[in-house]
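A closer look at the structure
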There are 2 protein chains.
Amino acid sequence: MKPTTTLAIAIAASLGVACSSSSSPQTTSGGGGGGGVAQLMKDRNLTEADVTAALKTFTPSGRHDEYYIFASGGHSGQVIVIGVPSMRILKYIAVFTPEPWQGYGYGDESMKILAAGRRHGHDITWADTHHPALSETAGDYDGQYLFINDKSNPRVAVIDLKDFTTKQIVTSPLIESDHGATMVTPDTDYVIESSQYPAPLGGEYADVKEWNDKYRGAVIFWKFDRAKGRIDPTSSFAIELPPYMQDIADAGKKVSDGWIFINSLDTERAWGGNKEGNPPLESGASQNDMDYLHVINWKKAAEVAKAGKTEQIAGMPVIRLQTAIDEGLLYFVPEPKSPHGVDVTPSGEDMVVSGKLDTHTTVYSWAQMKGLIDAKEFATKDPYGVPVLSFEKSIRGQAEVGLGPLHTQFDGDGFAYTSLFLESAVAKWSLAKLEVVEKIPVNYNIGHLLTAEGDTVSPDGHYLVAMNKWAIDRFAPVGPLLPQNFQLVDLSGPKMQLLYDMPIPLGEPHYAQMIKADKIKAENIYSPAGIDPYTGERSANAVEPNQERIEVKPDGVHVYMTAIRSHFTPDIIRVKQGDQVHLHITNIEQADDATHGFALDSYNVNLSLEPGEHNDVDFVADAAGVFPMYCTEFCSALHLEMAGYFLVEPK
Amino acid sequence: MKPTTTLAIAIAASLGVACSSSSSPQTTSGGGGGGGVAQLMKDRNLTEADVTAALKTFTPSGRHDEYYIFASGGHSGQVIVIGVPSMRILKYIAVFTPEPWQGYGYGDESMKILAAGRRHGHDITWADTHHPALSETAGDYDGQYLFINDKSNPRVAVIDLKDFTTKQIVTSPLIESDHGATMVTPDTDYVIESSQYPAPLGGEYADVKEWNDKYRGAVIFWKFDRAKGRIDPTSSFAIELPPYMQDIADAGKKVSDGWIFINSLDTERAWGGNKEGNPPLESGASQNDMDYLHVINWKKAAEVAKAGKTEQIAGMPVIRLQTAIDEGLLYFVPEPKSPHGVDVTPSGEDMVVSGKLDTHTTVYSWAQMKGLIDAKEFATKDPYGVPVLSFEKSIRGQAEVGLGPLHTQFDGDGFAYTSLFLESAVAKWSLAKLEVVEKIPVNYNIGHLLTAEGDTVSPDGHYLVAMNKWAIDRFAPVGPLLPQNFQLVDLSGPKMQLLYDMPIPLGEPHYAQMIKADKIKAENIYSPAGIDPYTGERSANAVEPNQERIEVKPDGVHVYMTAIRSHFTPDIIRVKQGDQVHLHITNIEQADDATHGFALDSYNVNLSLEPGEHNDVDFVADAAGVFPMYCTEFCSALHLEMAGYFLVEPK
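About the thresholds
Think of each chain on its own: its residues are numbered from 1, step by step along the sequence as written. Lettering for chains starts from A, numbering for ligands starts from 1, and both go in the order in which the items are written. Local features in this predicted model are restricted to residues of pLDDT 70 or higher, and side-chain atom pairs are both shown and tallied only at a pLDDT of 80 or more, whereas totals for entire chains, interfaces and linings draw on every residue. Side-chain numbers come from the whole structure's heavy atoms, not from hydrogens or water. In this description, contact between two residues means that some pair of their heavy atoms is separated by no more than 4.5 Å. For any pair of parts, buried area is found by adding up, for both, the accessible area (1.4 Å probe) each one loses once the two are put together. Take a side-chain nitrogen of Lys or Arg and a carboxyl oxygen of Asp or Glu: if they are within 4 Å of each other, that pair is a salt bridge. Think of it this way: any DSSP run of H or I at least four residues long counts as a helix, any run of E at least two long counts as a strand, and we number them from the N terminus. Amino acids outside the nonpolar list (Ala, Val, Leu, Ile, Met, Phe, Trp, Tyr, Cys, Pro) and the charged list (Asp, Glu, Lys, Arg) are all regarded as polar, and Gly is one of them. The pairing criterion for strands is at least two bridges between them, as found by DSSP. The axes are straight lines fitted to the C-alpha atoms, using for helices just the contacting stretch, and the angles between their N-to-C directions are given from 0 to 180°. Using a 1.4 Å probe on the protein chains alone, a residue whose accessible area is under 20% of its type maximum counts as buried, one over 50% counts as exposed, and one in between counts as partly exposed. The convention is simple: Lys and Arg are positive, Asp and Glu are negative, and His and the chain ends are not counted. As used in this structure description, the phrase polar contact means that two N or O atoms lie within 3.5 Å; if the pair is within protein, one of them must be able to donate a hydrogen and the other to accept it, and residues adjacent in sequence are counted only when both atoms belong to side chains. In this scheme, a crossing is called left-handed if the near helix is turned counterclockwise away from the far one by less than a right angle; it is called right-handed if the turn is clockwise. Each direction from the helix axis to a C-beta atom contributes to the arc, which is the arc of those directions. Only residues with pLDDT of at least 70 in both copies count here: their C-alpha atoms drive the least-squares fit that superposes the copies. In this analysis, rings of Phe, Tyr and Trp, with Trp reduced to its six-membered ring, are considered paired at centre separations within 6.5 Å, and the interplanar angle assigns stacked below 30 degrees, edge-to-face beyond 60, and tilted for intermediate values.

Taken together, the contacts link 201 residues of chain A with 201 residues of chain B. Interface area, chain A with chain B, both sides summed: about 17,200 Å², of which 61% is carbon and sulfur. Across the pair Lys356(A) and Glu641(B) runs a salt bridge, and its minimum N-O distance is 3.3 Å. It is helix α3 (residues 48-57) of chain A that provides the largest number of residues to the side of chain A that touches chain B, a total of 10 residues. Among the residues forming the side of chain A that touches chain B, the class breakdown is 92 nonpolar, 65 polar and 44 charged.

Put into structure tokens, the structure is as follows:
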């Protein structure tokens, strides 16, 4: 230890006495027992840096976090909500994967949302969620909605942040995968979904050897209807792209508003085939020095689509590649080999691209690119006739950041932060000078990173999170499937400061966004009682107190049931084997802490009924017997008695 | 603030200077920027108690937690693994609910495990997990296995803690729900599962009005084969019980080894029917002053079962109620109204029962009960002829603990800790004096609670966790479905000290156990490569490097594939529409951080292949088209290129 430490501990000792002498078990958190700072540092082997980190992240009992992080869950198919600075996980939002605690995918209406995501006639019970996008107004997060994509089965979901519930899933047979999704335009007019792995458009079949002629990419512009809080597929459109592997996208803002930027890899058009005499894809796709940054005029594209200059492919109006070229919607700019992230700066003036096999980030100037486009000054064309701008004339410069640069985020003070996968570090560099000013090591291999409101026109700075892959030995072992490691970094001091290691216990997040907590206006109750969260409407089957009943109708037995602490009414249901059963259950309570669950033994029936929530569930009573039903929530001291029986008389 | 605080801050200020002056970004955690303790207390409005709590829970970057908590996930159907004292969630273990990140329920073998849990011919895709039980040796946790029940669809699962993976699910048609599950006998000879809501045994039908004659409870003793790491249903048996609602159980230990204790409610035999002129169940079941603690001689029962004095009901050998009475296996002792928890003290000498409508915990003396049993001194019999011991002669006394006592845990110093649901507090009381020595308030309504190794013959004390229902306003809002709140309490000081509030982001835990971290011997790699975790064996389909191939066999197209950074071999698969496809994929890597995922677009195929793991998956290629397949893990800088195509030629 340095001398200062010894001094510090000597001083801290007396502080310790003061601390413990004045504490009491009545205080909000802690108090009692205790030991002082110096003693605790000794007992738990904490450095002074640890003490600082502890006090910057500890969030006392009952205190709320300052920020929310919304992270994708990767192939868990969910969204993870995390509080900052405590790094406590506040909620897993079920999106593409059925989740019983939330009753998501177990009632009629939530099953309809999932069914809308069917692909090629198959139910899909998982997703590979990658890039969450918070809704924006004038380029700033507004806290109203969250969008998230499924890379594997190309789909986009809409989550309402009033109740943190998934409201819609959309998919188009046009493409077979996505990665440049989801990103929103500055006023959330459109949600962007661009393909990754080329395929014949519209689900057609063609052998991979016909790649150059038959395989294509595309970018879909999903129209968002903010008033309805839903995507409107009928007003959405797509643009055909060459068969490169389009990657992450970002929307222009301020001076570059109206344009989007998508980078790409595999302009070599390699498709693998390592048993067919071809090099493996990872080397075949890494031959060229340059790939193409796609520069797209989406506002003009919307007009072109509106003017009907499209072709219907699998129900989606598509602006064909030649039309996109002829109408001046699509331009390419060379970008150093195998780029991964493209990030538009807060001012909208620059686009930062990192080549993962390069040691630089390249900063493109929107003014220069726009000048070349307006002057129709093109260096060349790609094999499909897309005009290509000059690399040299398009860039403002490059920053030497380090090994394996992937993604870049921003603060409010003119600095950029780039993740370095191979170097396991974050580089902080000046946007003005294009010079690295500081690096901080992370544990271990970092993928994406995020800063507070870092995708907006006004980033907060303050916090950065390194989204590291493979915690390896960082946490107590939990078997071969390792957690990821989110490391919270404080940006508020003169130097970057690592504050906290957070394991991800479920899912493999790719990207995340951080928003000020006061922008989220979540509600705790569905009012009036009888609302089905998945439609957002009061259900036609909502049940009023004292209106509980069982009705036999031509389409089966309808049970109109209410739930209130501590009973279901009716609590005895008698049907005959083979009857079609329709349960309509309303939680008629309006108190914050009055959620009820509804479980029915052996029929796979499971609902979560938040205060005021109504759900319906249909099934055939094909098995005779005696089946207990009960409330799965610890809703009162007598919750075990909130039960009844579903009696199925044999035929 | 008190004067001492001002003094403390003055002192802390100098410490602060010392802190920040000696910190650097190279330190493991924290460092840089910083500000001193006093400044941070001011900036973040932290009390001295908060500082103490922060320093007792903060776990520096790379440092491992001291304890693991294994908590049930309630109706999420999972198990939650939490580190103590950091209260970071380390993993969600998929048990009864399919979970795509772990690939659980997506490959052939894990689907077989879930299929073993089918009920009445139905796939069950969720569960209501309640009571985890760590395997024990001589009454102490040994860290080898974890068992967990499903209350709704009565089932028991076995999790191996070498890889934190679910290996087995067992269920019996004998009963229709459970709650006294899972608890283990001191050497894990048996895993206990007792029913909750009575029903005709074996899935028979009888109207609820025939309750007294046709409805029954039962306790199943699942035989655990530790060598195989699996439950052996063929050596398991059950005991028939009267149609009361059996509740939580606990196994005797040391002096009471060989016996188990199950409490009960609804000895009134009320069954609801609030639309049929009956009182709602919660009042109908709360009429009597006393219910019955069930006292069962399981060692003798095992001999009786072995002797064949059983009746086969739905494939389970059942000791009928009369046989249990005749053989002296079953006794009742009155317990104050609507008891909930029964907990055997570390010495095995006492059984603590809390009546949730009472203000007492009742302490039963095993010596006294055993004396009465041996002397055949019975006060009366229940309506089914079960001998009932005298309440007064069975108890050592009662402790006045407070309102709504539910569950009790223990430390190593002779103290018991009882959760008070209505009072929202934990009462610490002396087992010797039966007197409360301290109470600590919790936020809010507490259900279960746990202490470090609190269910064993040698509790650690040190930490207690209050498992609170309904966080309400404790955390940043996430909509109407509120998280639960785990509050960590330090027991090591002279007074109980609240350290940390932890939100549960997914699931509604009921009970949990806490075990020393060094008892868990988890492995990070499956070795040799080719092991299917769900069988624990090397797969007959395991693929060796350079043995990759596609074979057309009478039963379909077999693809033998390897995964290694950064490619699948083969990476192009051609089949004809309608072909039966069998994928056999081995991750041939043996490095800690070499997990690969395997996703196939639109066919709902998703696997997680940890280092050395092999999985098989079968499906019919019923949809023609071009389907990308790729690695869902960020396995290298070139992970996007770890991809290929599944080509289905139209008929």
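Moving on to the sheet that holds strand β28 (residues 435-441) of chain B. Residues and elements named next belong to chain B. Read across the open sheet, the 4 strands follow the order β25-β26-β27-β28; overall the sheet is antiparallel. Whereas interior strands pair on both sides, the edge strands pair on one side only; in this sheet they are β25 (405-410) and β28. Taken pair by pair, the neighbouring strands of this sheet meet at an average axis angle of 25°, ignoring direction. Sheet topology note: the strand β26 (residues 415-420)/strand β27 (residues 425-430) ladder contains 6 bridges and is antiparallel. If you follow Phe-415 over to β27, its bridge partner there is Ser-430.

Further remarks concern the side chain of Lys151(A). Mapped onto the fold, Lys151(A) is located in the loop between β5 (140-150) and β6 (155-160). Buried Lys151(A), no salt bridge; nearest opposite-charge side chain is Asp128(A), N-O distance 5.5 Å. Here the side chain of Lys151(A) touches Tyr197(A) through a polar contact of 3.3 Å, side chain to side chain. Leave out the neighbours within four places in its chain, and Lys151(A) touches Asp128(A), His130(A), Ser177(A), Asp178(A), His179(A), Gln196(A), Tyr197(A), Tyr630(B) and Leu640(B).

This paragraph deals with the side chain of Lys428(A). Residue and element names in this part refer to chain A. Structurally, Lys-428 can be placed in strand β27 (residues 425-430). Within the buried set, Lys-428 has no salt-bridge partner at all; the shortest N-O distance to an opposite charge, 4.7 Å, is to Glu-438. In this structure, Lys-428 is in contact with Phe-415, Ala-416, Tyr-417, Glu-435, Val-436, Val-437, Glu-438 and Met-496, ignoring residues within four places of it in sequence.

To continue, consider the sheet that holds strand β5 (residues 140-150) of chain B. In any sheet, the strands associate via hydrogen bonds between backbone groups, in a parallel or an antiparallel arrangement. Residues and elements named next belong to chain B. Read across the sheet, 4 strands follow the order β4-β5-β6-β7 without closing on themselves; strand pairing throughout is antiparallel. In the strand order of this sheet, the two ends are held by β4 (133-137) and β7 (165-171), each with one partner. Each adjacent strand pair in this sheet contributes to an overall mean axis angle of 30°, direction not counted. Taken together, the 6 bridges between strand β6 (residues 155-160) and β7 define a ladder with antiparallel strand orientation. Within β7, the position partnered with Asp-160 by the bridge is Thr-165.

All names here are of chain B. In terms of burial, strand β40 (residues 580-587) is a largely internal element, 7 of the 8 residues being buried. Taken together, the 7 bridges between β40 and strand β43 (residues 614-620) define a ladder with antiparallel strand orientation. Each residue of the ladder has a partner; that of Gln-580, found in β43, is Val-620.

Another point: the packing of α3(A) against helix α3 (residues 48-57) of chain B. Contact pair α3(A) / α3(B): the axes reach a minimum separation of 9 Å and the direction vectors enclose 115°. As α3(A) runs across α3(B), the sense of the crossing is right-handed. For the pair α3(A) and α3(B), contact is made by Val51(A), Ala54(A) and Leu55(A) and by Val51(B), Ala54(B) and Leu55(B), respectively. When the residues that make up the contact of α3(A) with α3(B) are grouped by side-chain class, the tally is 6 nonpolar, no polar and no charged.

Residue and element names in this part refer to chain B. Among the residues making up helix α9 (residues 366-374), those that are buried are Trp-366, Met-369, Leu-372 and Ile-373. Taken down its axis, α9 places every buried residue within 130° of arc, on the same side. Across α9 from its buried face, at more than 90 degrees, point the exposed residues Ala-367 and Asp-374. Residues of α9 that are buried in the fold lie against β14 (259-265), β15 (290-297), β18 (330-336), β20 (350-355), β21 (360-365) and α10 (391-394). Structurally, the start of α9 carries an N-cap: the backbone nitrogen of Ala-367 is 3.3 Å from a side-chain oxygen of Ser-365. Downstream of α9 by one or two residues, Lys-376 has phi in the positive range, about 50°.

This next bit is on the relation of the copies chain A and chain B. Each copy of the sequence occupies a distinct position, and chain A is placed on chain B by a rotation of 180° and an axial shift of 0.0 Å, giving an RMSD of 0.0 Å. Both copies of the chain, as the preceding transformation shows, are related through a two-fold rotation axis. Nearest to the rotation axis, the C-alpha of Ala54(A) is located 2.9 Å from it, this being the minimum over chain A.

The next subject is the pattern of salt bridges. By the definition in use, this model includes 70 salt bridges over all chains. The partner of Lys469(A) in a salt bridge is Glu508(A), and the shortest N-O contact between them spans 3.3 Å. Here Lys469(A), found in the loop between β30 (461-468) and β31 (484-490), pairs with Glu508(A), found in the loop between β32 (497-504) and β33 (512-516); they are 39 residues apart in sequence, far enough to count as distant. Among the residues examined, Lys469(A) registers a relative accessible area of 2% and is labelled buried. Of the residues examined, Glu508(A) reaches a relative accessible area of 0% and is grouped as buried. With a shortest N-O distance of 3.5 Å, Arg88(B) and Asp65(B) are connected by a salt bridge. With a gap of 23 residues between them, Arg88(B) in the loop between β2 (78-84) and β3 (89-94) and Asp65(B) in the loop between α3 and β1 (67-72) connect regions that are remote in the sequence. Its relative accessible area of 5% is what places Asp65(B) among the buried residues.

Ser527(A) connects to Pro528(A) through a cis peptide bond whose omega is -5°. Geometrically, the link from Val84(B) to Pro85(B) is a cis peptide bond, its omega value of 15° lying close to zero. For Pro85(B), the position within the fold is in the loop between β2 and β3. A positive phi angle is found at Asn604(A), which is not glycine, with a value near 55°.

Here we come to the packing of aromatic side chains. On inspection of all chains with the given rule, the structure shows 63 aromatic pairs over all chains. For the pair Tyr68(B) and Phe164(B), a centre-to-centre distance of 6.2 Å together with 45° between the ring planes defines the contact as tilted. Of this pair, Tyr68(B) sits in strand β1 while Phe164(B) sits in the loop between β6 and β7, placing them 96 residues apart in sequence. We note that Tyr68(B), like Phe164(B), is buried. Among the aromatic residues, those joined into a ring-pair cluster are Trp259(A), Phe261(A), Tyr331(A), Trp366(A) and Phe378(A).

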